[in-house]
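In case you want the letters, here they are:
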Amino acid sequence: MLRQTLLLLHLLSAITWLGGMFFAYFCLRPAAVQVLAPPQRLPLWVATFDRFLRYMALAVLLLLATGTTMFVQVGVANAPPGWHAMATLGVIMAAVYAYLYAALFPKLRAHCEAAAWPAAAQVLNRMRQGVALNLVLGGLVVLAAVSAR
């Protein structure tokens, strides 16, 4: 029962994180660019990231905790190669997330509060690149999960 609960929390967290990034990158971003000028679009991103990044803090912590627990239960030496790949990529993704949340997001918020739109746009572009990186890494994690035996 514990294993199924851990796996459920792990999968729900991964689905939420990847799905949220997909939505933000491929749906919200193009729509916001299409219909909003920077003075409206950039504060929308601050409000969106304020909510999204807080929820993802929980998802990332759950992913790391459940993944580590399941890894330890099986034993590092006994874990399939796909698990090692998932763990490595997951830690990298968590580091990218932490950088977005702790380093870039406060800058985006500050630039928006100061109505420094060009500077805010530069920070948002760096955040977009981080999200794109994590989407690619997340796809590789899914590939590793499917290949794990």
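Scope of this entry: the structure provided in the associated data block. Treat the numbers as computed from the prediction; the structure is a model and nothing was measured.

1. Points about the overall build of the protein
Next, step 1: Within the protein, the secondary structure is distributed over four helices and zero strands.
Next, step 2: For the protein, the spread of C-alpha atoms along the three principal axes comes to 55 × 25 × 25 Å.
Next, step 3: Taking all 149 residues of the protein together, the buried fraction comes to 36%.
Next, step 4: The long-range fraction of contacts in the protein, counting pairs at least 24 apart against all pairs at least 6 apart in sequence, stands at 77%.
Next, step 5: By element, 72% of the accessible surface of the protein is carried by carbon and sulfur atoms, the whole surface being about 8,500 Å².

2. Focus: the packing of aromatic side chains
Next, step 1: According to the stated counting rule, one finds seven aromatic pairs in the structure shown.
Next, step 2: Ring centres of Phe71 and Trp83 lie 6.2 Å apart, and the angle between their planes is 45°; on these two criteria the pair is classed as tilted. Residue Phe71 is located in helix α2 (residues 38-74), and its partner Trp83 is located in helix α3 (residues 81-113); the two are separated by twelve residues in the primary sequence.
Next, step 3: The exposure class of Phe71 is buried, given its relative accessible area of 12%.
Next, step 4: A centroid spacing of 5.7 Å and a plane angle of 55° characterise the contact between Tyr97 and Tyr101, whose relative ring orientation is tilted. In this pair, Tyr97 and Tyr101 both sit in helix α3, four residues apart, roughly one turn of the helix.
Next, step 5: Look at Tyr97 and you get buried, because its relative accessible area is 8%.
Next, step 6: Counting every residue linked through ring pairs, the aromatic cluster contains Trp17, Tyr97 and Tyr101.
Next, step 7: Residue placement shows Arg29 over the ring face of Tyr25; its charged tip is 5.5 Å from the ring centre.

Thresholds applied
One numbering rule holds for all chains: residues counted from 1, following each sequence as written. Residue-level local features of this predicted model are given only where pLDDT is at least 70; pairs of side-chain atoms are given and counted only at 80 or more, and the full residue set underlies all totals for whole chains, interfaces and linings. To get the side-chain values, take all heavy atoms of the structure and skip hydrogens and water. Segments assigned H or I by DSSP are reported as helices when at least four residues long, segments assigned E as strands when at least two residues long, and all are numbered from the N terminus. When a residue's accessible area, from a 1.4 Å probe over protein chains only, is under 20% of the maximum for its type it is buried; when over 50% it is exposed; and in between it is partly exposed. Between two residues, a contact is recorded if the distance between any of their heavy atoms is within 4.5 Å. For accessible areas, the Shrake-Rupley method is used with a probe of radius 1.4 Å. Any residue's cover is judged against the shown protein chains and nothing else. Stacked, tilted and edge-to-face pairs are distinguished by plane angle, under 30 degrees for stacked and over 60 for edge-to-face with tilted covering the rest, among Phe, Tyr and Trp rings (Trp via its six-membered ring) whose centres lie within 6.5 Å. Only Lys NZ and Arg CZ are tested; either one counts as a charge over a ring when it is within 6 Å of the ring centre and within 35 degrees of the ring normal.

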